[in-house]
Structures are given as structure tokens and as C-alpha cells.
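# Working through the structure, step by step
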Amino acid sequence: MKTTVKDHNQLFKEEEYIKQFEEKKAFEAPCSNEEVERVKEWTKGAEYKEKNFARQAVTINPSKACQPLGAVYAALGFEKTLPFVHGSQGCVAYFRSYFSRHYKEPVPAVSTSMTEDAAVYGGLSNMLEGLENAYALYKPQMIAVSTTCMAEVIGDDLNAFIRTAREKNKIPQDILIPFAHTPSFVGSHIVGYDNMMKGILSIVKQKDMPKNRINVITGFETYPANIREIKRILDLMKISHIVLGDTSDSFDSPLTGEYNLYTGGTKLADLFDAINSKTTISLMHFSTEKTMEHIKSEWLQETISLPYPIGVKNTDYILETLSKIMGLQIPEELEMERGRLLDALIDSQSYLHGKKVAIIGDPDIVLGLISFCLEVGMYPLHILCTNGGKDFELKAKELLEKSSFGKGCNVYAGKDMWHLRSALFEQPCDLIFGPSQAKFLWRDTKTPLVRVGFPIQDRHHLHRIPIIGYQGTLNFLIQVVNTILEELDRQSIDGPNFDLIR
Ligand code: SF4
């Protein structure tokens, strides 16, 4: 007998399910439809906005994830490295599914599977058994250990646990085990990334012959294509480099017919040689603060935090800085790319100019997007950075003050997308730049959404298209201007302005 498996989009429209939903609704005894509509309207007004911004006890749709997710991400940027999370299995299932939904790729990560008994007696036996099993099953060269809330609340000591595992010969003596405490009740995924990256770099201590080469730390950069783009730019400039935490192949590996648990990542030999490089540059200040401090104080290396390279100005600055550090010319090919970007910006200028934008995301990407808006004549009217603090706020305001397009723009550090919803009803925008979670704002406020940042779980392949450098900015511009044009078509569909040529 032939059975058809129906997609949920059709399945739940069938009579059987419609009836079920109605019965469920009756059982739940909700308010009347009129009351729901009345409250919905009320949440769009000034009175509700005031209450919403005074809210303290609950966070609704924040644009952030928790620390160990960032730690897992950092670990996957190194060759044959297994992310190992000391904590409950459910947390790791969440990290893996969060990444898988963004990349459409399997994500290797294991947990010590702590449950109630570990919460009472401590997680040492979970750690010992976990390390032994993880090594026996997956044969990694490096195991990068981080923690979840549970391990942190009971105060498990990773350093002591790992030492005990070695003393008890649960794992080979020579296996590398960097670790980082990543308590999720403070910070966010970018702090977890920073902690783990610092933990990994901390195992490198031995200096050798200095090399005329730079290290690049991209930060919590979730576009494999961006990492490839920065490597392409460095190759074009003939700059010898090591990308530390290179996730480009880990999250975008080719289909070969065979599953490979460990794809890509910075070679471990390069990790140990990176201490001999001349300079380390970071492309995301806020997700590499502790790491860069460590490199400066322990590796005694020059460190430079550069702005996220989206837009003409930021890319110019980065190329000029690289050219100065290495004493090399910016090649003609990059100058041509710059020229093509300028040409495209001018072509689209009439559609960009004066548009109001709401921006949502991690601090460095948000700062890059503000810079992009200001240079193309858009107003970044609402700027939301859930995991941004005072430093972020200051930097954002500094940028806004430098341009007339920044006047009257609002910065919401530490707020969530439900706050932004109120702000958007009060001062509407033409566009939102942000992750998939912002689609609820699109639905409620009808503001078109340009998907950028992390996570993007409801559209495919955007992580395969670079948005940094001149070429990447051009790609982003295409996304932005075509979203504006789509909206223009949609709005004029029944009128005389439904133009063929825009
Ligand atoms: S916030 Fe804590 S409990 Fe929740 S997924 Fe993260 S580590 Fe696990």
C-alpha cells in the first residue's frame, strides 16, 4: 500500500487537525477573539512600550545564545578536535541542533551527560568516563572541554578533573586537552567563544624562530565564506598568515560519499607555530577580548583589533592596516573590486538613500552594519544588541555621532527583540537587518527582513556567500537593494507603479 508522508504545511490544514485545534482551544478556555485583538493592538502603543521597557523579570526573544555554544564553535575551528561539554546532554543537543539548523551540516560534540546524581555528588566520574569513552570512540588529537550551567553551579574544577583523568590513565598522556569554564548565566556565546579560544591558545607556550607572518582570529564568525574571503584577500596581498579557529571547512564540507567526523580546522602544527608570528589581528573585538589580551601578555606579540570588515570604509581601513604592518602594496585586483563596489552603490543609491533600518545581532557585526548604513545614506534608527554592554553602546554612539545619518538613532544594549517590537511600532523602519528570529518582527510590524548574522535557520546557503571585504559588501548590497525592490513590487502590485524597470 502506498502511503504519502505529508508536509506539515498541508497536514495541519486538514479537517481532522483543524477540529483538533478547535477542541484544544475550547479545553484551554482562552479569552474571546475580541479580547485577544484588543490586547494585541494595545501592545503596539506608547503605554505598553513604557511598561515593556521597564520589564526586568523576563527576556523575550533575545538575540543571543549561551556560552558553551560559542566554546563548541571555537573548538571546531581546530584540526581533529572534539568539543567536549561537561554538563547535561540536553544542552549539547541544543548546541548541535542550533548549528545544524543554520548550516544544514552534522555537528560533532559530546557531553559528560550529567544527571541528578552528578549534580549532588559532583561530576568527576562523568568526566573520567566521558574522556575515556570519547577518546576510545572518536580518536581526536585534541579534546576541548567546556562547561554548562549545571557543572558551573556545583563548581566542578576542570583543571583538577583533567589532571585526575591523566593520573588514572583514562586517556593517553600526550593528548591535548585545553579547557574553559563557560558559565551560561553570565555572558553569551561570544564570551564562550573567547574563553575557549583563550583556553586553546594557552596550551601554546614554546617560542621558536620569529616569522614574518600574521595570525588572524575571525571571532565568532559564522560565515564559512567570510573566512575564505579573508584568506583570499590575504593571499592576493601575498601576506603569509595563519587563521586561528578556521571553521570554514568544518561547517561547509563537500559531499564525498563518506562521513568524516573531523573536517578542516586550523592545523595543530600551525596552532603551535602561531606564537612565532609577527602580529595577531582580530576581526571581532568583542568575541576575542580575553584571547587578544592573552596573546599580548603571554605570547608577547603585537595585537590589533580591527573593525568588522563590512562596507567600504572598514575594508579600506583593514587593507591599509595590513599593508602597513607587512610593508606590502594593496594589489590592483582589490582596487578594482573596490571600484566595482562603488559603482554598484551609486547604481542603487536612489533606493538606499534615507531608508530607516533596525539592526539586530552580535556587537561587532552590528557595528559593521551601522558603518555600512551610514556610508550609504541609510538611518540605523534602532540598534539592538542583546549581548552588548556599555562598551558596545559607547562605540555605537561614537559611530552615530560622526554622521548626520546617525542623528536621533537609538541604541538598545542588553535589550531583546520584544523591546524592539515596541520601538518599531513607535518609530517604524523600512528594513530590518538581523537573524531569522527577527521574522517575528517582520510578521508583526510588516518590516521586510534582510537576513544577516547568526542564526539564519529559515533560509538556505546565506553562510556560503561572503559579506565582508569589497566583494562581500557588494553581495550584501545586492541582498539589501533587492529586498527593497521586492517590497516595492509587493506594495505596488495593484497600482500604476508596478514598474518593470527599477
Ligand atoms: S543556558 Fe545553561 S542549561 Fe541552557 S543550554 Fe546553555 S548551558 Fe544548558
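Presented here is an overview of the structure given in this document. Counting restarts for each chain: residues are numbered from 1 in the order of the written sequence. Only residues with pLDDT of at least 70 get local features here, since the model is predicted, and only at 80 or more are side-chain atom pairs given and counted; chain-wide, interface and lining totals rely on the full set of residues.

## Remarks on helix α11 (residues 189-201)
Residues spaced three or four apart along an α-helix face the same direction, because each turn holds 3.6 residues. Convention followed: Going along the chain from the N terminus, every DSSP run of H or I of four or more residues is numbered as a helix, and every run of E of two or more is numbered as a strand. Under the convention used throughout, the expected extent of a helix is 1.5 Å for every residue step, that is, one less than its residue count. Field definition: a residue is buried when 20 or more other C-beta atoms are found within 10 Å of its C-beta, exposed when 12 or fewer are, and partly exposed for counts in between, with C-beta atoms placed from the backbone.
Helix length check: α11 (13 residues) gives 18 Å between terminal C-alpha atoms against 18 Å at 1.5 Å per residue, within 8%. Counting buried positions over the 13 residues of α11 gives 13, a clear majority of the element.

## Concerning the site of the ligand
Put simply, the test is: Nearness here is judged by the C-beta atom: place it from the backbone, and if it falls within 6 Å of a molecule or strand, the residue counts as near that partner. Any residue that is not Ala, Val, Leu, Ile, Met, Phe, Trp, Tyr, Cys, Pro, Asp, Glu, Lys or Arg is counted as polar, Gly included; the first ten are nonpolar and the last four charged.
In the region of the ligand, the neighbouring residues are Cys-66, Pro-68, Cys-91, Tyr-94, Thr-148, Cys-149 and Ser-184. Tallied by class, the residues present in the shell around the ligand amount to five nonpolar, two polar and no charged.

## Let's talk about the nonpolar core
Formally: Joined through C-beta atoms within 7 Å, a set of buried Ala, Val, Leu, Ile, Met, Phe, Trp, Tyr and Cys residues constitutes a nonpolar core. Whether two residues are in contact is decided by their C-beta atoms, placed from the backbone, lying within 7 Å.
Core analysis: the biggest nonpolar cluster contains 119 residues, and Val-357, Ile-359, Ile-370 and Ile-383 have the highest contact counts within it. Counting residues per element, this core draws most heavily on helix α17 (residues 363-376), at nine residues. When residues no more than four places from it in sequence are discounted, the contact partners of Ile-370 are Ile-359, Pro-380, Ile-383, Ala-396, Leu-399 and Leu-400.

## What to know about the environment of Trp-442
Within the element layout of this structure, Trp-442 appears in helix α20 (residues 439-445). It is 9.4 Å that separates the C-alpha atoms of Trp-442 and Arg-421, two residues lying 21 residues apart in sequence. When residues no more than four places from it in sequence are discounted, the contact partners of Trp-442 are Ile-432, Thr-447, Pro-448 and Leu-449.

## Focus on the environment of His-353
Its location among the elements puts His-353 in the loop between α16 (332-352) and β8 (356-360). Taking the C-alpha atoms as reference, His-353 lies 10.0 Å from Glu-375; in sequence the two are 22 residues apart.

## Section: the packing of α17 against helix α18 (residues 390-401)
Note the cut-off: Axis definition: a line fit to C-alpha positions, over the contact stretch in the case of helices; interaxial angles, taken between N-to-C directions, run 0 to 180 degrees. In this scheme, roughly parallel covers angles under 35 degrees and roughly antiparallel covers those over 145, while 65 to 115 is roughly perpendicular and the rest are oblique.
Contact geometry for α17 and α18: axes closest at 10 Å, N-to-C directions at 10 degrees. Taken together, the axis directions place α17 and α18 in an arrangement best described as roughly parallel. Listed contacts from α18 to Pro-363, Leu-367, Ile-370, Ser-371 and Leu-374 of α17 are Phe-392, Lys-395, Ala-396, Leu-399 and Leu-400. Tallied by class, the residues present in the contact of α17 with α18 amount to eight nonpolar, one polar and one charged.

## Section: the packing of helix α15 (residues 312-326) against α17
Direction vectors running N to C along α15 and α17 enclose 115 degrees, while the axes themselves pass 8 Å from each other. Each of Val-312, Lys-313 and Asn-314 in α15 lies in contact with α17, whose residues at this interface are Gly-368, Ser-371 and Glu-375.

## Side note on the sheet that holds strand β7 (residues 302-305)
Heads up, the condition is: A pair of strands is treated as paired once DSSP finds two or more bridges between them.
Spatially, the four strands line up as an open sheet ordered β5-β4-β6-β7, and their pairing is parallel. Two strands bound the open sheet, and with one partner strand each, they are β5 (241-244) and β7. Averaged over all pairs of adjacent strands, the angle between their axes in this sheet comes to 20 degrees, without regard to strand direction. Direction of pairing for strand β4 (residues 211-217) relative to β5: parallel, over a ladder of four bridges. Residue Asn-215 lies in a different strand from β5, and its bridge partner there is Ile-242. The sheet strands contacting helix α14 (residues 289-298) are β4, β6 (277-282) and β7, and the helix crosses β7 at an angle near 160 degrees.

## Concerning unusual backbone geometry
With the exception of glycine, most residues fall at negative phi, and the peptide bonds are largely trans. Note that the residue after Phe-454, namely Pro-455, is joined by a cis bond; omega there is -5 degrees. A positive phi angle, close to 45 degrees, is found at Lys-80, a residue other than glycine. Among the structural elements, Lys-80 can be located in the loop between α5 (67-75) and β1 (81-86). Residue Lys-80 is classed as partly exposed on the basis of its C-beta count, with 17 C-beta atoms lying within 10 Å. Located in the positive-phi region is Ser-113, a residue other than glycine, with phi close to 55 degrees. Take Ser-113: it is sitting in the loop between β2 (110-111) and α7 (116-121).

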